[in-house]
Amino acid sequence: MSGLPGASTCPGPGEASDLKSPLGAKFREPLTEARFQQLFGDAEQEPELLAEPRWSRLRRLWKRRARACSGPGPWPLLRARLPPLRWLPHYRWRAWLLGDAVAGVTVGIVHVPQGMAFALLTSVPPVFGLYTSFFPVLIYTLLGTGRHLSTGTFAVLSLMTGSAVERLVPEPLEGNLSGIEREQLDAQRVGAAAAMAFGSGALMLGMFALQLGVLATFLSEPVVKALTSGAALHVLVSQLPSLLGLPLPRQIGCFALFKTLAAVLTALPRSSPAELTVSALSLALLVPVKELNVRFRDRLPTPIPGEIVMVLLASVLCFTSSLDTRYNIQIVGLLPGGFPRPLLPNLAELPRILADSLPMALVTFAVSASLASIYADKYSYTIDSNQELFAHGVSNLISSLFSCFPNSATLATTSLLVDAGGNTQVAGLFSCMVVLSVLLWLGPFFYYLPKAVLACINISSMRQMFFQMRELPQLWRISRVDFAVWMVTWVAVVTLSVDLGLAVGVVFSMVTVVCRTQRVQCLALGLAEGTELYRPLRESHKLLQVPGLCILSYPTPLYFGTRGQFRRILEWHLGLGEGGKEAPKTDGPPDAVAEPVRVVVLDCSGVTFADAAGAREVVQLASRCRDAGIHLLLAQCNGAHWSKDLHSVGLTRSCGVWRVPKACV
């Protein structure tokens, strides 16, 4: 803080300052109000405007207002909503095209088995996972601003959608459904999943219309990481019946993880040895391949597509050995060719699924925006958070017309795209080509694919989410509060459910922010010898204090929640106890003799905002200071809202310092 010596030498009307300067301190000449007007002129008087005719001023102001109200032209608006119009003319075809093609094909190969696996997690037939791996990717390529972002099926969203689908369209208790009944049940579940995608997309578009991209900041990094790590445990437990060949109903609601574990342990003697063998062999191949891709990512030209290799080997083994008929192993079956007929979801279901669509929309935007920001910072470009809302909202809304379930950016495929050399959204087009070829021509090759293999793919894709727990020791060393937020969110997600755990994590994170505003220290400042810099007195005993002058810095917002603490801290520093005037406290050397305080300068540069309650607290403090013979000055009240609140309670400004008139007290 500089310039406060000048503030102390700028007394109010009718007052004289007799404070003595410490020996050796060098002060610049105080800048009085008259001197300021002489140097810089009167900012409040504009002779040119006063001399201008009134009608001319009104016309000029009307034109300025009209220009401000008129939006941008159609071409800038089109460029803002279609990012390829901005980056495609600058695309480096020779340098980037090969990398985008290789990365897109690699990600597309992974999308095929992963999409079918996450469809089972969503409780819909596998082919709808392929639809969700095609339409959203194509739409985001045209609307998204994240150059390295890979969208499609996401395990956390699939888990949340599957829980809602099982609750809205439960399977009949008698089981053993006929073929027609099974098709009807699947159609109802597909409609419910598509309705949730429609609802979450509409909510994100509403957030875009209100320019609420800033909401992503309320989902802090510990909350997002704990959410995905806890959801990964839910995915692992939910896939145990498929790994063991147990036809168990899916558990939903609070404590679903523990209910599933109890059901699996109870039915463990009835597990299928054949499905258990297939699952063990699949994990024995997928897990080491994942580790090799991570350990040798710098040496491998492209990551090893372990998922597609496992799918091909399992399909060939099941076909040649007739595992589906001999050992009753569940297989994918026929994948319908082509695209589904566009169909508007049942809008009558929207009120029922709105409570499920809101957390899905928040998770979609939070995960996608955080991933896009990470790679934008790494590769030195910027993203538009509101445009990301628009892109994911349109992606979910339009893809729901083609029976897709909720989708977002994915951690695994985004990392895979970057490792494979992807540079821009063009990689998404090549990924769509791979999925399109499966939908049109290659679907019959997956007829004999065991569903247990898809469950293993689900589990192996959770590797990154499980390993996020390794960051906890470092988080403990950096911030205990963030560690507490991480643990509370993770425990809530695991014990309750993903959506309730998200709510608990966000609320707890906000509570920690409010609590941290209550734990502040009002610092007494002293002058560094030979300078105009003021430092906290407790940092050094070589700082100089002006006798009778106390300079305090209050570094937190002043609102209804902190006004009580503000009062107590100032009373402690100034010695204004309940029993009358006391000796003021000091942060200086213990042997220093405390002189009576006659002037208090409160540095408000750290007060980012103040409400009416906080401003009234300042007036009441000034009244008590005046009764004790202390003159209170406020410095660095720069915020517009802060100044408005001070004006509203009658404070006046002079020489850059706020004063409390006698009429106010």
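Structure's up top.
First things first, this report covers the structure right here in the doc. Just so it is clear, the model here is predicted, and its values are computed rather than measured.

We now examine empty space enclosed by the protein. Throughout the structure, instances matching the rule amount to 5 cavities of 30 Å³ or more. The wall of the largest cavity is formed by 15 residues, among which Val137, Thr141, Leu149, Ser150 and Gly428 lie closest to the centre. Every element with two or more residues in the lining of the largest cavity is listed here: helix H7 (93–121), helix H9 (135–143) and helix H21 (426–442). A class-by-class count of the residues in the lining of the largest cavity yields 6 nonpolar, 8 polar and 1 charged.

Time to look at the pairing of strand S3 (residues 523–527). Counting buried residues in S3 gives 4 out of 5 residues, a clear majority hidden from the surface. As paired strands, S3 and strand S5 (residues 549–553) are joined by 3 bridges and run antiparallel to one another. Bridging from a neighbouring strand, Leu525 pairs with Ile551 of S5. Taken together, the 3 bridges between S3 and strand S4 (residues 534–536) define a ladder with antiparallel strand orientation. Residue Leu525 lies in a different strand from S4, and its bridge partner there is Pro536.

When the charged atoms of two side chains with opposite charge come close together, those side chains can pair. The full count for this structure, using the stated rule, is 10 salt bridges. The salt bridge involving Arg167 is made with Asp356; its shortest N-O contact spans 2.5 Å. Remark: Asp356 occurs in helix H18 (residues 350–378) and Arg167 occurs in helix H10 (residues 155–168); sequence separation between them is 189 residues. Across the salt bridge formed by Lys225 and Glu471, the nearest N and O atoms sit 2.8 Å from each other. With a gap of 246 residues between them, Lys225 in helix H12 (residues 221–238) and Glu471 in the loop between helix H23 (463–466) and helix H24 (472–478) connect regions that are remote in the sequence. In this structure, a network of salt bridges that share partners links the residues Glu221, Lys225 and Glu471.

This part is about the packing of aromatic side chains. Taken as a whole, this structure holds 14 aromatic pairs when the rule is applied. Between Phe128 and Tyr131, the ring centres sit 5.5 Å apart and the planes meet at 85°, which makes this aromatic pair edge-to-face. Placement of both Phe128 and Tyr131 in helix H8 (residues 127–132) is noted, with a separation of 3 residues, approximately one turn of the helix. The burial state of Phe128 is the same as that of Tyr131; both residues are buried. Of the aromatic side chains, those joined through ring pairs into one cluster are Trp87, Tyr91, Trp93 and Trp96. The cationic tip of Arg81 hangs over the ring face of Phe390; the distance from NZ or CZ to the ring centre is 5.9 Å. Between Arg147 and the ring centre of Tyr381, over which it is positioned, the NZ or CZ distance is 4.7 Å.

Here strand S9 (residues 631–635) lies mainly inside the structure; 5 of its 5 residues are buried. In terms of strand pairing, strand S8 (residues 599–603) meets S9 through 5 bridges, oriented parallel. Along S9, the bridge assignment pairs Val601 with Leu633. Handedness of the crossover is the feature at issue here: the chain leaves S8, passes through helix H28 (residues 612–627), returns alongside S9, and the resulting connection is right-handed.

What follows concerns the packing of H10 against H12. Running from N to C, H10 and H12 cross one another at 60°; their axes reach a closest spacing of 9 Å. It follows that H10 is oblique to H12 by the angle criterion. Both H10 and H12 take part in a crossing whose hand is left-handed. Note on element contacts: H12 touches H10 through Thr228, Ala231, His234, Val235 and Ser238, opposite Ala155, Val156 and Leu159. A breakdown of the residues in the contact of H10 with H12 according to their chemical character gives 5 nonpolar, 3 polar and no charged.

Formed by 100 residues in total, the largest nonpolar core has its most connected members in Met116, Leu130, Val156, Val363, Phe446, Leu449 and Val498. The element best represented in this core is H18, accounting for 12 residues. Among all residues touching Leu130, those that are not within four sequence positions of it are Val112, Met116, Leu335, Val435, Val438 and Leu439. In this structure, Leu570, Cys604, Ala628 and Ile630 belong to the second largest nonpolar core, which totals 28 residues.

How each quantity is defined
- Residues numbered from 1 in each chain as written.
- Predicted model: local features only at pLDDT ≥ 70, side-chain atom pairs only at ≥ 80, totals over all residues.
- Heavy atoms only, no water.
- 1 Å grid on protein atoms, 1.4 Å probe; cavity = no way out; pocket = protein on both sides within 12 Å on 5 of 7 lines; lining within 4 Å.
- Points joined across faces, edges and corners; volume = space filled by probe spheres on them.
- Helix = DSSP H or I, 4+ residues; strand = E, 2+ residues; numbered from the N terminus.
- Nonpolar A, V, L, I, M, F, W, Y, C, P; charged D, E, K, R; others polar.
- Buried < 20%, exposed > 50% of the residue type's maximum accessible area, 1.4 Å probe, protein only.
- Pairing = 2+ DSSP bridges.
- Salt bridge = Lys/Arg side-chain N within 4 Å of Asp/Glu carboxyl O.
- Phe/Tyr/Trp six-rings, centres within 6.5 Å; stacked < 30°, edge-to-face > 60°.
- Lys NZ or Arg CZ within 6 Å of the ring centre and 35° of its normal.
- Right-handed = clockwise from strand over helix to strand, strands pointing away.
- Axes fitted to C-alpha atoms, helices over the stretch in contact; angles between N-to-C directions.
- Parallel < 35°, antiparallel > 145°, perpendicular 65-115°, else oblique.
- Left-handed = near helix turned anticlockwise from the far one by under 90°.
- Contact = heavy atoms within 4.5 Å.
- Core = buried A, V, L, I, M, F, W, Y, C linked by side-chain atoms within 4.5 Å.

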